[in-house]
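# Observations on the three-dimensional arrangement
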Amino acid sequence: MNKTINNQRYVSLIKWLVDARKEQGLTVRQFAERIDESHQFVNKVETFQRKLNVYEYVQYCEALGLEQTEGLSFLRKN
């Protein structure tokens, strides 16, 4: 089991979330307010200093209007 935060599939998932945030015109601070977290938390997730847990992932998707199953496709083996 690969637990590294730099796993390419995990990196792709986070990039998908970051792209969605940016496409909606949200800054890190604005998004952090939306999910009731600090901007430092969001920044650490987006710069791979901290992993998202399952609950946080769901919160991210809900706040961005994303389908959770779409993001999970990044984690599945090809």
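Above this text sits the structure in question.
Here is a short report on the structure shown in this document.

Along the chain, glutamate 46 turns up in helix α3 (residues 39-46). Judged by its relative accessible area of 14%, glutamate 46 falls in the buried class. Looking at glutamate 46, its side chain comes within polar contact range of the side chain of arginine 21, at 2.8 Å.

Before going further, it helps to spend a moment on the nonpolar core. Residues Leu17, Phe31, Leu52, Tyr60 and Leu64 are the most contacted members of the largest nonpolar core, which totals 22 residues. Among the secondary structure elements, those contributing two or more residues to this core are α1 (8-23), α2 (28-34), α3 and α4 (54-64). By residue number, the principal contributor to this core is α1, which donates 7 residues. With sequence-adjacent residues up to four places away left out, leucine 17 is seen in contact with Leu52, Tyr57, Tyr60, Cys61, Leu64 and Leu66.

Attention shifts here to unusual backbone geometry. Non-glycine residue aspartate 36 carries a positive phi angle of around 60°. With respect to the helices and strands, aspartate 36 occurs in the loop between α2 and α3. We classify aspartate 36 as exposed; its relative accessible area is 69%. Phi angles above zero are rare outside glycine, and phenylalanine 48 is one such case at about 60°. Turning to its location among the elements, phenylalanine 48 is positioned in the loop between α3 and α4.

Cut-offs and rules
- Residues numbered from 1 in each chain as written.
- Predicted model: local features only at pLDDT ≥ 70, side-chain atom pairs only at ≥ 80, totals over all residues.
- Heavy atoms only, no water.
- Helix = DSSP H or I, 4+ residues; strand = E, 2+ residues; numbered from the N terminus.
- Buried < 20%, exposed > 50% of the residue type's maximum accessible area, 1.4 Å probe, protein only.
- Polar contact = N/O pair within 3.5 Å; in protein donor to acceptor, adjacent residues only side chain to side chain.
- Core = buried A, V, L, I, M, F, W, Y, C linked by side-chain atoms within 4.5 Å.
- Contact = heavy atoms within 4.5 Å.

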